[in-house]
Protein chains: 2
Amino acid sequence: MPAITFKVDSVSGSARAGLVVTPHGAVETPTFMPVGTQGTVKCLTPLQVREVGSGIVLANTYHLMLRPGAEIVANAGGLQKWSGWGGPMLTDSGGYQVFSLSELAEISDEGVRFRSHIDGKALFLSPEEAIKIQNQLGADIIMQLDDCVGYPAERYRVNESIRRTADWARRSIDAHSRKDQALFGIVQGSTYKDLRRESALGLADLDLPGYAIGGVSVGEGSALIREVVGATVELLPEEKPRYLMGVGPPVDVLDAVADGIDMFDCVVPTRNGRNGWAFTFKGLVKVKNSVHAAAEDPIEEDCDCYTCRGFSRSYIRHLFKAGEMLGMTLVSLHNLRFYARLMEKARDAIRAGEYEAYRREVSGAFGK
Amino acid sequence: MPAITFKVDSVSGSARAGLVVTPHGAVETPTFMPVGTQGTVKCLTPLQVREVGSGIVLANTYHLMLRPGAEIVANAGGLQKWSGWGGPMLTDSGGYQVFSLSELAEISDEGVRFRSHIDGKALFLSPEEAIKIQNQLGADIIMQLDDCVGYPAERYRVNESIRRTADWARRSIDAHSRKDQALFGIVQGSTYKDLRRESALGLADLDLPGYAIGGVSVGEGSALIREVVGATVELLPEEKPRYLMGVGPPVDVLDAVADGIDMFDCVVPTRNGRNGWAFTFKGLVKVKNSVHAAAEDPIEEDCDCYTCRGFSRSYIRHLFKAGEMLGMTLVSLHNLRFYARLMEKARDAIRAGEYEAYRREVSGAFGK
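Quick caveat, the model's predicted, so the values are computed rather than measured. Sequence order sets the numbering: in each chain, residues are counted from 1 along the sequence as written. Here the convention is simple: chains get letters from A, ligands get numbers from 1, in the order in which they are written. Under the rules for a predicted model, residues below a pLDDT of 70 receive no local features and side-chain atom pairs below 80 are neither given nor counted, while totals for whole chains, interfaces and linings still include all residues.

## A short note on the overall build of chain A
Right, so step 1: Numbered from the N terminus, helices here are DSSP runs of H or I no shorter than four residues, and strands are runs of E no shorter than two. For chain A, the helix and strand inventory stands at 15 helices and 16 strands.
Right, so step 2: We compute the radius of gyration from the C-alpha atoms alone; for a globule the expected value is 2.2 Å times N to the 0.38, where N is the number of residues. Its C-alpha atoms give chain A a radius of gyration of 20 Å, near enough to 21 Å, the size a compact globule of 368 residues would have.
Right, so step 3: Principal-axis analysis of the C-alpha atoms places the extent of chain A at approximately 60 × 45 × 40 Å.
Right, so step 4: Relative to its 368 residues, chain A shows a buried fraction of 57%.
Right, so step 5: Considering only intrachain contacts with a sequence separation of at least 6, the fraction spanning at least 24 residues in chain A is 68%. Buried means a residue has 20 or more other C-beta atoms within 10 Å of its own C-beta, exposed means 12 or fewer, and partly exposed covers the counts in between; C-beta atoms are placed from the backbone. Whether two residues are in contact is decided by their C-beta atoms, placed from the backbone, lying within 7 Å.

And the structure:
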C-alpha cells in the first residue's frame, strides 16, 4: 500500500480536480494548506481551522526541530496528535527556513551548516537528517531537503542547485524509513526554464508519490512564477499530486490551478489576517480603515464563516484599534474560510468544465 | 415588569443558590463573570466563552466610552449584539478605571474630571453621564458611579466616599431611563466596618434590583475582604442579588459564597491564562515550567474543556515557549472552564446542603 493515493476525477483545460487520500484523512484537490509554522496555525484553534474547511495543514520542520525537538513530538504520538489537529499534515524539509531565518548557512553536497536563529547553536542538516526528523514528526506528506536559491540567481549556481537537489532526492529515498509517509521531490531551477525542465525530468524518473515546484515566490513576481509553472508542470507525472510551494495570493493560486497544480501553501491569509486585511470575492477589505468605524455589515455579506455570521466590521475594527487579539483571530479565520471557498469554487468550476470563466471572474475582483 | 428577576432556591449555611433572569437569558447563581474589558474576553471568541459555561460577561464602561464610543455600540443594537456575545451582560460604571488608569482624576460632588489614558483628552464623568453611557451600551445590569477609595484610606475620606456614593446612587436612579436594564447600587466604606454598614443600610433603602460591594480587592488582602463582606452582606436585602466586585482567586470566591454573595467578576482566570498559569482542583499548574516539556497529560485530567480534551501540557508549553497565541487562548479557556466548574460545584454543594465541606476541600487544594 502506498502512503497516499491520488486520483483526478475531472479536468477543465489543464486544471484538474481530484482527491488525495492520506493515513489521516482525504483531501479534495486543488487544495490550499494553511501554514502552521510551529505546529499551530497562528491565532486559531485546530477546531477553528477544521471548521473553515481546511483539509490539510503544513508545519515547518526547521522550527519544530529547534523547538521543542522532534523527539518530543514523536513520543507524543506524532504531529497530528500532539498539535490537536488530527487530520492530514505535510512538513517541509526545513531547507527554506535554514536559508531565510538562520545565520551563517553554508551549503555543500553533504548538507547545510547553520546556526539556530533562537540561540545561535551550530547545527547541521543533511538530506538524511531532514528525513529522519520528518519520520519522527510523522506528517502524512514529507519533503526532501532541497538547495533553494534566491532570486535573481546566477546560472552556474542554479545548475549546482538542481544537480544537488536531485542527488539529495535519491539520498532522501534511501533514508526514508516509514511506509505511512509519502515523500515528495522538489523541482528547482530558479527562473531558467531549461533548468526547471531538466530538474523536473530527473525527479520524475525517481517515481516519487508527489512532486513540488520549489524555489518560487522568492521575489521574482507573479508573471515569472507563472512562466516557471507553465514550463515545468507538464513534465511532472500526471498521476501524481503537484504542489506549488509558498504560493500565494488568490489570483496566483487560481493561475497555477489553471496550469495543473493541485496543492498550495502560503502564510498570506493568516499574516494578512493578523494585520486586519481581509480577502473577499470583491477584493481586499482593510478593516482597520476609519470608513468601517460604524459599519454594521460583516466583512463579506454572503460568507458563511463564524466571523461573518456574528461580527460587524465596526466591532472587528474596534478590536484592532484596542489591540485585542480576537481581531486577529476573526480575520485570520475569515481569510482561511475565503481560501477554502476559493478552492471549493475552483473544484466546482473544474467539474462543471467552466474553470477559465471562474478564474477570470475572481481575477477581475482583485483588479487583475 | 422589573428588568431582572432573582430567586434563591436553596441555602447551605449563609451560602445560597438561585437564578437571575435577564432580558438576554438566565444565569444560575452563585456565578462568576469573565471580564471582557473592551467588549471581548481576551484571546477568546464569544462561542468559546459560551462553551466553557459562562453565563454572564462583564464589560468596562470606561474603556468602551473612550473607544469606540457608546454611540457606535448603541447604533449597532447594543453591547450584547455588537460584541457577538448575545447573552447577559453587565457594565461597570467606569469609576474604578477612572481612578486606576486615567491621569489627573479629580473628584468632586459633581463627578470626576480626568484625562483619557489613550490620548490625554480632558473628560468629565458624572453619575448621570455614567448612566447615560450605560443606557447606550445596553447591558442587562448596569452599575452606579461610585467614589472608590484606595487602601489604606483615612476615615474622613471614606466618610466622604460613602456619603457621595449614596448621593450618586439617588442621582443615578433619577437619570436611568431604560426599564430593561437593572441598576445596581454599590456599597463603599473601605475596611471600616461601621462605615460599610452605614453605606449598605443607606443603599438598601433605595430598593434597587441588586447591590454590589465595591472598593474591595484594592490591596487590603483576602482576610480583610472577608471581614468587609461579613460585616456588610447581611444588611443587603436577602431577595436581591449580591455582587462582590473584582473578586477574585478561587478560595476568596468560595469564602464569599459562604457568606452569601451571588455574583463575582475578576481578571484572574484570563490574566493568569495569558501568563500560562492554570487553575485546577489540585491547585495551580504553571505550564511554562520545564517539568512539563514532555508531559503528555492534559492540564487537568478530569476537566471536560476543549483544552484538556485535546492538548497535552507538552504542546501548551511549546506554544508559550514559541510565543504562539494559541497557548494564551487554551489556558484562558481552561481557566474560565475551571471557574465555571468551581461555581457549578458550589451550586450543587449548596443544593445538597454540603457547601462548607466543598469550600474546605477546594481551599485545601490551594493550600489554604
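Further notes follow.
## Digging into the sheet that holds strand β3 (residues 25–29) of chain A
Residue and element names in this part refer to chain A.
Right, so step 1: Pairing between strands is defined by DSSP: at least two bridges between them are needed. Taken together, the three strands give an open sheet; going across it, the order is β1-β2-β3, and neighbouring strands pair in antiparallel fashion. Of all strands in the sheet, those bounded by a partner on one side alone are β1 (5–12) and β3. Here the strands of the sheet are splayed against their neighbours by 15° on average, with no regard to which way each runs.
Right, so step 2: Inspection of the sheet shows β1 paired to strand β2 (residues 15–22) by seven bridges, in the antiparallel sense. Convention adopted: a line fitted to C-alpha atoms gives each axis, helices being fitted over their contacting stretch, and angles between N-to-C directions are expressed from 0 to 180 degrees.

## Some points on the sheet that holds strand β3 (residues 25–29) of chain B
Residues and elements named next belong to chain B.
Right, so step 1: The strand order across the open sheet formed by three strands is β1-β2-β3, and the pairing between neighbours is antiparallel. Of all the strands in the sheet, the pair left with one neighbour each is β1 (5–12) and β3. In this sheet, neighbouring strand axes are inclined to one another by 15° on average, regardless of whether the strands run parallel or antiparallel.
Right, so step 2: In this structure, strand β2 (residues 15–22) lies alongside β3, joined through five bridges in antiparallel fashion. Across the sheet, residue valine 20 finds its bridge partner in β3, namely valine 27.

## Topic: helix α7 (residues 155–175) of chain B
Right, so step 1: In this analysis, the expected span of each helix is defined as 1.5 Å times one less than the number of residues it contains. A rise of 1.5 Å per residue sets the reference length of α7(B), with its 21 residues, at 30 Å; its end C-alpha atoms lie 30 Å apart and thus fit the reference within 8%.
Right, so step 2: On its buried side, α7(B) packs onto α6 (127–137), β11 (182–187) and α8 (193–204) of chain B.

## Some thoughts on the domain arrangement of chain A
All names here are of chain A.
Right, so step 1: On domain assignment, one finds that chain A holds domain 1 (5–266) and domain 2 (267–360).
Right, so step 2: Domain delimitation follows an automatic or database domain assignment. The C-alpha centroid of domain 2 is placed 26 Å from the C-alpha centroid of domain 1.
Right, so step 3: Tallying the contact residues gives 30 residues for domain 1 and 29 residues for domain 2.
Right, so step 4: In terms of residues, the side of domain 1 that touches domain 2 owes the most to one element, helix α10 (residues 250–259), which gives five residues.
Right, so step 5: Residue composition of the side of domain 1 that touches domain 2, grouped by class: 19 nonpolar, eight polar and three charged. Gly falls in the polar group here, along with every residue not listed as nonpolar (Ala, Val, Leu, Ile, Met, Phe, Trp, Tyr, Cys, Pro) or charged (Asp, Glu, Lys, Arg).

## Observations regarding the relation of the copies chain A and chain B
Right, so step 1: A residue counts toward the fit only if its pLDDT is at least 70 in both copies, and the copies are then superposed by least squares on the C-alpha atoms of those residues. For the pair chain A and chain B, the best superposition has an RMSD of 0.0 Å and corresponds to a rotation of 180° with a translation of 0.0 Å parallel to the axis. This pairing of chains is accounted for by a two-fold axis.
Right, so step 2: The share of interface residues of chain A whose copies in chain B are also at the interface is 100%, consistent with both copies meeting through the same surface.

## A closer look at the interface of chain A and chain B
For interface size, the figure often reported is the accessible area lost on association.
Right, so step 1: With 32 residues of chain A at the contact, the number on the chain B side is 32 residues.
Right, so step 2: At the level of elements, α3 (70–75), α12 (306–310), α13 (313–321) and α14 (325–351) of chain A are the ones that each hand at least two residues to the side of chain A that touches chain B.
Right, so step 3: The greatest single-element share of the side of chain A that touches chain B, amounting to five residues, is contributed by α13(A).
Right, so step 4: Looking at the side of chain A that touches chain B residue by residue, the classes come out as 15 nonpolar, 12 polar and five charged.

## Notes on unusual backbone geometry
Right, so step 1: Omega for the bond connecting Tyr151(A) with Pro152(A) falls within 30 degrees of zero, at -5°, which places this linkage in the cis form.
Right, so step 2: Following the sequence through the fold, Pro152(A) ends up in the loop between β10 (141–143) and α7 (155–175).
Right, so step 3: Of note, the bond from Val247(B) into Gly248(B) is cis; its omega dihedral lies within 30 degrees of zero at -5°.
Right, so step 4: In this fold, Gly248(B) is placed in the loop between β13 (242–244) and α10 (250–259).

## What about the pairing of β2(A)?
Right, so step 1: Taking burial as the measure, the eight residues of β2(A) include six buried ones, the bulk of the element.
Right, so step 2: The hairpin formed by β2(A) and β3(A) contains two residues between the paired strands.

## Quick look at the packing of α10(A) against helix α15 (residues 355–365) of chain A
Residue and element names in this part refer to chain A.
Right, so step 1: α15 packs onto α10 with a crossing angle of 165° between their chain directions and a minimal axis gap of 10 Å. On the basis of the axis angle, α10 is roughly antiparallel to α15. In terms of crossing hand, the pair formed by α10 and α15 is left-handed. Residues Pro250, Val251, Leu254 and Ala258 of α10 touch α15, and the partners they reach there are Tyr355, Glu356, Arg359, Val362 and Ser363.
Right, so step 2: Taken together, the residues that form the contact of α10 with α15 break down as six nonpolar, one polar and two charged. Working rule for angles: under 35 degrees goes down as roughly parallel, over 145 as roughly antiparallel, 65 to 115 as roughly perpendicular, anything else as oblique. Two helices crossing with the near one rotated counterclockwise from the far one by less than a right angle form a left-handed crossing, whereas a clockwise rotation gives a right-handed crossing.

## Considering α8(B)
Residues and elements named next belong to chain B.
Right, so step 1: Between the first and last C-alpha of α8 there are 16 Å, a value that for 12 residues agrees with the 16 Å anticipated at 1.5 Å per step.
Right, so step 2: Buried residues of α8: Leu195, Arg196, Ser199, Ala200 and Leu203, and no others. Burial along α8 is one-sided: seen end-on, the buried residues are contained in an arc of 135°.
Right, so step 3: Packed against the buried residues of α8 are α7, β11, β12 (210–213) and α9 (222–232). The reported arc concerns the directions from the helix axis to the C-beta atoms and nothing else.

## Some details on the environment of Gly86(B)
Residues and elements named next belong to chain B.
Right, so step 1: Summarising the element assignment, glycine 86 is placed in the loop between α4 (79–82) and β6 (89–91).
Right, so step 2: By the C-beta count within 10 Å, which is 14 here, glycine 86 ends up partly exposed.
Right, so step 3: Between the C-alpha atoms of glycine 86 and lysine 42, which are 44 residues apart in sequence, the distance is 17 Å.
Right, so step 4: Discounting residues that sit within four places of it in the chain, glycine 86 has contacts with His24, Pro46 and Gln80.

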